[in-house]
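Geometric and topological summary
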Amino acid sequence: MSVLKTKELRREKRISLSQLSYKSGVARGYLTELEKGKYSNPGIQVLGKLCKALKVTPNELISESIWKWEE
């Protein structure tokens, strides 16, 4: 499971993966793997670029599941 809600937000805003890549400057292949959950710790620069491209805050981009602690 991905820690970011990029796919959900992309679909909501009707932005293709290629468009998000272009707008954010983040490689399409990296975005694909990020959405698949292969990468679970994207850097702050990537987060910033995605937030700007999607016009959302970091809180909107980061999945709530990351904030829940397991006991």
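For every chain, the first residue of the written sequence is number 1, and numbering continues from 1 onward in sequence order. For a predicted model such as this one, the threshold for reporting local features is a pLDDT of at least 70, and the threshold for listing and counting side-chain atom pairs is 80 or more; totals across whole chains, interfaces and linings nevertheless cover every residue. Processing note: side-chain calculations cover all non-hydrogen atoms of the structure and skip hydrogens and water entirely.

It is worth spelling out helix 2 (residues 17-24) at this point. Relative accessibility thresholds used throughout: buried, under 20% of the residue-type maximum; exposed, over 50%; partly exposed, between the two (1.4 Å probe, protein chains only). Counting from the N terminus, the helices are DSSP H or I runs at least four residues long and the strands are E runs at least two residues long. Those residues of helix 2 lying buried are L17, L20, S21 and S24. The buried residues of helix 2 occupy one face: seen down the axis, they fall within an arc of 100 degrees. Exposed and facing more than 90 degrees away from the buried side of helix 2 are Y22 and K23. By definition in these notes, contact holds between two residues if any of their heavy atoms fall within 4.5 Å. Packed against the buried residues of helix 2 are helix 1 (6-12), helix 3 (28-36) and helix 4 (44-54). One or two positions beyond helix 2, positive phi appears at G25, with a value near 80 degrees. Working definition: the arc comes from the directions between the helix axis and the C-beta atoms, pointing outward to the latter.

Before going further, it helps to spend a moment on the side chain of T6. Mapped onto the elements of the fold, T6 is located in helix 1. Given the relative accessible area of 1%, T6 is considered buried. Sequence-distant contacts of T6, that is, excluding residues within four places in its chain, are made with E35, L50 and L61.

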